[in-house]
Amino acid sequence: EGMALPQRILFPPEAICMDWQRRQRPGAGLCNLGSTCYINVILQCLTYTPPLANYLLSGDHSHLCHQQGFCMMCIMEAHVRKVLRSSANVVWPRAVVRDLKFIGEEFEPDMAGDAYEFLSCALEAMQRACLSGSSDVDISSETTTIIHQIFGGFLKSRVICLRCQAVSDSYKAFLHVLLDIKAPSSLTTALEDFVTPKKLDGKYCLKCSKCGKKVTSSRRVTVHRVPKVFTVCLERAADHTGKKISKIVDYPEYLDLRPYMSDTAGEPLLYSLYALVVHSGDTCLDGHFFCYTKASNGLWYKMDDESVDNCGIHAVLRQQAYLLFYAR
């Protein structure tokens, strides 16, 4: 439906297992190697993403990997194995910090960073690792790696010319969604705002292919194809000065994505919360990151660098969340 079909499937979708293949207590905490809490929270949230952890623990990637030097998938495989399979209480994520510049040029080992930026760069680095060795892959086939099959979905942008009513659709792959929370007080109202049509006029006018000139139009973005894992960032930066939006934004344990789809008819698309990242601090430029994750035993834990403490769902749902991870 307007989207090009992939010429190759790089990872078989039926090989993705959404449920933990082995149930156990949570793994190790992570040592803070100097301003690395933003890295630790993302490593923990990815470690407790069941389909990703199942694949990394299988060892399939490193068994087939021919990449010379840095490979984010190999690093993650070794890290997840160490956290979940060793008897250590604390793990030093040295390999990740050592290769930080390969994950994202903006990161420095001894400087604070942003968890959302690190998540974005880590997923892109894993995606690059999945594509290495696959030459001449078309853009549609690039979205069939295991990373895109777990975290990836498609957004549909429909632009309607308000002069001649011409309709133009375009599609874009995503691995995570950034939501504006300046007005919304809950995740669901932020998602409603996200899919509400926006008027494009003045300097935002687009050229209509039918009218042949720049005209006022309406654009609506919807979720066209859902991911297996839906990752959301609640945008807490108020502006470029680092001012922070510190309000509580309500988010549910179970989320139905159906109302935000291009096609809202059909069965509910239910997701369950399994991890979230919290930023504590008065501005976006300083402070501390910690996270909550649901381990394979079905229990929730607060993970704050080295410490891993049991907690209840009520504590989990009362946080000033920054990143939210939901699984189908």
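Refer to the structure above for everything that follows.
In this text the structure is predicted, and so the values were computed from the model without any measurement.

1. Describing the layout of surface pockets
If you add up the space inside the largest pocket, you get close to 680 Å³. Around the largest pocket, the lining comprises 27 residues; the ones closest to its centre are Leu 155, Lys 172, Leu 178, Phe 194 and Val 221. Looking at the lining of the largest pocket, the elements that each hand over two or more residues are helix H7 (115–131), strand S3 (153–161), strand S4 (167–174), strand S5 (177–180), helix H10 (187–195), strand S6 (198–200) and strand S9 (217–225). When residues in the lining of the largest pocket are grouped by element, the largest group, five residues, is from S4. In terms of residue class, the lining of the largest pocket is built from 13 nonpolar, six polar and eight charged. Size it by volume and the second largest pocket reaches roughly 540 Å³. As for the second largest pocket, its lining consists of 23 residues, and the residues nearest its centre are Asp 114, Glu 117, Cys 284, Leu 285 and Tyr 322. If you list the elements that add at least two residues to the lining of the second largest pocket, you get H7 and strand S10 (229–235). Class assignment of the residues belonging to the lining of the second largest pocket gives a composition of ten nonpolar, seven polar and six charged.

2. Overview of the nonpolar core
Ranked by size, the top nonpolar core spans 65 residues in total, and within it Met 73, Phe 118, Ile 147, Val 277 and Leu 323 carry the most contacts. Looking at this core, the element that brings in the most residues is H7, giving eleven residues. Ignoring anything within four residues of it in the chain, the contact list for Val 277 reads Val 41, Ile 42, Cys 45, Ala 115, Phe 289, Phe 290, Cys 291, Ala 321, Tyr 322, Leu 323 and Phe 325. Core analysis: the next-biggest nonpolar cluster, separate from the first, contains 34 residues, Phe 174, Leu 179, Leu 255 and Ala 321 among them.

3. Digging into the pattern of salt bridges
By the definition in use, this model includes four salt bridges. Measuring nitrogen to oxygen at the nearest pair gives 3.1 Å for the salt bridge that ties Asp 99 to Arg 98. Given the relative accessible area of 10%, Asp 99 is considered buried. Taking the relative accessible area as the measure of exposure, Arg 98 reaches 57% and is therefore exposed.

4. Details of the sheet that holds S4
The antiparallel open sheet is built from four strands, whose spatial order is S4-S3-S9-S6. Edge positions in the sheet fall to S4 and S6, since each has one partner strand and no second. Between one strand axis and the next, the sheet turns by 30° as a mean value, whatever way the strands run. Pairing of S3 with S4, which is carried by eight bridges, proceeds in the antiparallel orientation. Residue Val 159 lies in a different strand from S4, and its bridge partner there is Ser 168. Lying on the sheet, H10 is in contact with S3, S6 and S9; it crosses S9 at an angle near 125°.

What counts and what doesn't
- Residues numbered from 1 in each chain as written.
- Predicted model: local features only at pLDDT ≥ 70, side-chain atom pairs only at ≥ 80, totals over all residues.
- Heavy atoms only, no water.
- 1 Å grid on protein atoms, 1.4 Å probe; cavity = no way out; pocket = protein on both sides within 12 Å on 5 of 7 lines; lining within 4 Å.
- Points joined across faces, edges and corners; volume = space filled by probe spheres on them.
- Helix = DSSP H or I, 4+ residues; strand = E, 2+ residues; numbered from the N terminus.
- Nonpolar A, V, L, I, M, F, W, Y, C, P; charged D, E, K, R; others polar.
- Core = buried A, V, L, I, M, F, W, Y, C linked by side-chain atoms within 4.5 Å.
- Buried < 20%, exposed > 50% of the residue type's maximum accessible area, 1.4 Å probe, protein only.
- Contact = heavy atoms within 4.5 Å.
- Salt bridge = Lys/Arg side-chain N within 4 Å of Asp/Glu carboxyl O.
- Pairing = 2+ DSSP bridges.
- Axes fitted to C-alpha atoms, helices over the stretch in contact; angles between N-to-C directions.

The analysis is restricted to geometry; functional conclusions fall outside its scope.
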